[in-house]
Amino acid sequence: MSAPETLGVGLLGSGFMAKAHAKALLDAAMLRERELRPALVSIAGRNETALAQACDLYGWQKRTLDWREQLGDPHVELFINTAPNALHAEPTIAAADAGKHVLCEKPLATDAEQAYAMWQAAESAGVVHTCGFNFRFTPAVRLAYEMIKAGEIGQIIHFRAQFLVSSALEERGLTWRDRGVEAGGAIGDLGSHLVDLARFLVGEPTAVTASSRTLIAERAAGRVEVDDAFGALIEFATGAGGTMEASRIAGGIGSRCAFEIDGTEGTLGFTSEHINDLLHTTRDNAIKTIRVTGEGHPYMQLWWPHPGHEIGWGDTFTHQIDHLLDTIAGHHSLTPLGADFQDGYRCAEICDAIQRSVATREREQITYLTLRP
């Protein structure tokens, strides 16, 4: 194999998600031979101390307090946005306009209008664009996708999903996640994952009926402006029905993203608490747990040579980056396995419909826009 080309990466953010993406970039560069290898060119953020530490830990070549400097850097060819939700649209659109490939964390934007503008900009610029729905890159979720497409559980009847965490129960001050303008609460933060899984595995939702609540309405320094928990009934274009719930006040649960999908020939089940397992139940009540760690299972070619060695949540970001790099190199299209900005936009439309239903207490239809010529 000839010496690999490098793809310069600029990353916006220095927090939790920035760490996940930095690790993924380093993993992707070393786990297999590849013709396009990521180079950690530049990291941007608001905290000089955190940026300096990220450079020391991960090897970022440069740091800046202004993401605009990254977009003017010819060595930055891929822009990764892990900033708070309110800072997704402007930098990402500017990056696409500057000819950079873009990866933006979920939710793509604070509402569908912004998400549409991001999708339009990225498509108009002709760059590769992806939205960071990392659960698509869990081997067990990918196997469920393959089994559904192969008809192994028949026609889908029902989808049930939940995302439960206990983060809002922590004693803390007000953060950007509590502000309505900047964050989406349980609906945008957690529910967007469930919406994307529903679309990825089942099909397009057409209507929702939802309710939400805010248990912790006040914190030090101000009022909480977003929901703590929500529940929704989902109708799909295929005729299937579904339910989803998300909560940031689920005491005793660190983090659980889970779903069950009923079909006419069987049921599939997954929970992130057992991230390497996929439960398959057939209509004769035979129950099988598939340990998705074998050599032939999705994404495992990146890791260990023998079945049974576990991987974790952080490794889904490595799979996502690997898929993105191969897309940029021209080996395959980003979709349908990866989520592009159209997926991010459609997710935003569904989340907006959930918010409308919470406000109106009525069933809300979901409609989608197409790109302008």
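Every value quoted in this text rests on a predicted model; they were computed, and no experiment measured them. (Residues numbered from 1 in each chain as written. Predicted model: local features only at pLDDT ≥ 70, side-chain atom pairs only at ≥ 80, totals over all residues. Heavy atoms only, no water.)

## Comments concerning the overall build of the chain
Logical step 1: A count of helical and extended segments in the chain gives nine helices and 17 strands.
Logical step 2: In summary, the chain has a C-alpha radius of gyration of 20 Å against a globular reference of 21 Å for 373 residues, a match within 12%.
Logical step 3: When the 373 residues of the chain are sorted by exposure, 56% land in the buried category.
Logical step 4: Relative to all contacts within the chain whose residues are 6 or more apart in sequence, the contacts with residues 24 or more apart total 68%.
Logical step 5: Of the roughly 15900 Å² that the chain leaves accessible, carbon and sulfur atoms contribute 50%.
Logical step 6: Counting 32 positive and 48 negative side-chain charges, the chain places the centres of these two groups 2 Å from one another. (Helix = DSSP H or I, 4+ residues; strand = E, 2+ residues; numbered from the N terminus. Rg over C-alpha atoms; globule rule 2.2 N^0.38 Å. Buried < 20%, exposed > 50% of the residue type's maximum accessible area, 1.4 Å probe, protein only. Contact = heavy atoms within 4.5 Å. Areas by Shrake-Rupley, 256 points an atom, 1.4 Å probe, with all protein chains shown as cover. Lys, Arg positive; Asp, Glu negative; His and termini not counted. Charge placed at Lys NZ, Arg CZ, Asp CG, Glu CD.)

## Here we look at the environment of lysine 106
Logical step 1: On the secondary structure map, lysine 106 appears in the loop between strand E5 (101–105) and helix H5 (112–125).
Logical step 2: The buried category is assigned to lysine 106, whose relative accessible area is 10%.
Logical step 3: Separated by 24 residues in the primary sequence, lysine 106 and threonine 82 have C-alpha atoms spaced 8.6 Å apart.
Logical step 4: Ignoring any residue separated from it by four or fewer positions in sequence, one finds lysine 106 in contact with Asn85, His88, Cys131, Gly132, Phe133, Gly188, Asp189, Ser192 and His193.
Logical step 5: Here aspartate 189 takes part through its backbone oxygen, which lies 2.6 Å from a polar atom of the side chain of lysine 106. (Polar contact = N/O pair within 3.5 Å; in protein donor to acceptor, adjacent residues only side chain to side chain.)

## Quick look at unusual backbone geometry
Logical step 1: Following lysine 106, the chain continues to proline 107 via a peptide bond in cis, the omega torsion being -15°.
Logical step 2: With respect to the helices and strands, proline 107 occurs in the loop between E5 and H5.
Logical step 3: Residue threonine 335 is joined to proline 336 through a cis peptide bond whose omega torsion reads 10°.
Logical step 4: Tracing the sequence through the fold places proline 336 in the loop between helix H8 (315–328) and helix H9 (341–360).

## Observations concerning the packing of helix H6 (residues 139–149) against helix H7 (residues 185–201)
Logical step 1: Put simply, H6 and H7 touch, their axes get as near as 10 Å, and they point 35° apart. Each of Val141, Ala144, Tyr145 and Ile148 in H6 lies in contact with H7, whose residues at this interface are Leu197, Phe200 and Leu201.
Logical step 2: Grouping the constituent residues of the contact of H6 with H7 by class yields seven nonpolar, no polar and no charged. (Axes fitted to C-alpha atoms, helices over the stretch in contact; angles between N-to-C directions. Nonpolar A, V, L, I, M, F, W, Y, C, P; charged D, E, K, R; others polar.)

## Here we look at the environment of arginine 34
Logical step 1: Position of arginine 34 relative to the elements: it lies in the loop between helix H1 (16–30) and strand E2 (36–44).
Logical step 2: Separated by 247 residues in sequence, arginine 34 and threonine 281 have C-alpha atoms that sit 38 Å apart.
Logical step 3: Only 3.2 Å separates the side chain of arginine 34 from the backbone oxygen of alanine 28, close enough to count as a polar contact.

## Regarding the packing of helix H4 (residues 89–97) against H5
Logical step 1: One can describe the packing of H4 onto H5 by two numbers: an axis separation of 8 Å at closest approach and a directional angle of 10°. Between H4 and H5, the crossing angle belongs to the class labelled roughly parallel. Side by side, H4 and H5 meet where Ala89, Thr92, Ile93, Ala96 and Asp97 of the first sit next to Gln114, Ala117, Met118, Ala121, Ala122 and Ala125 of the second.
Logical step 2: Among the residues forming the contact of H4 with H5, the class breakdown is eight nonpolar, two polar and one charged. (Parallel < 35°, antiparallel > 145°, perpendicular 65-115°, else oblique.)

## A few points about the nonpolar core
Logical step 1: If you look at the biggest cluster of nonpolar residues, it comprises 75 residues, and the most contacted ones within it are Phe159, Leu201, Met244, Phe259, Ile261 and Leu278.
Logical step 2: If we skip the residues at most four places from it in the chain, phenylalanine 259 touches Val141, Ala144, Phe159, Arg160, Ala161, Leu197, Leu201, Leu268, Gly269 and Phe270.
Logical step 3: With 28 residues, the next largest nonpolar core counts Ala22, Leu25, Leu103 and Val128 among its residues. (Core = buried A, V, L, I, M, F, W, Y, C linked by side-chain atoms within 4.5 Å.)

These figures capture arrangement, not role.
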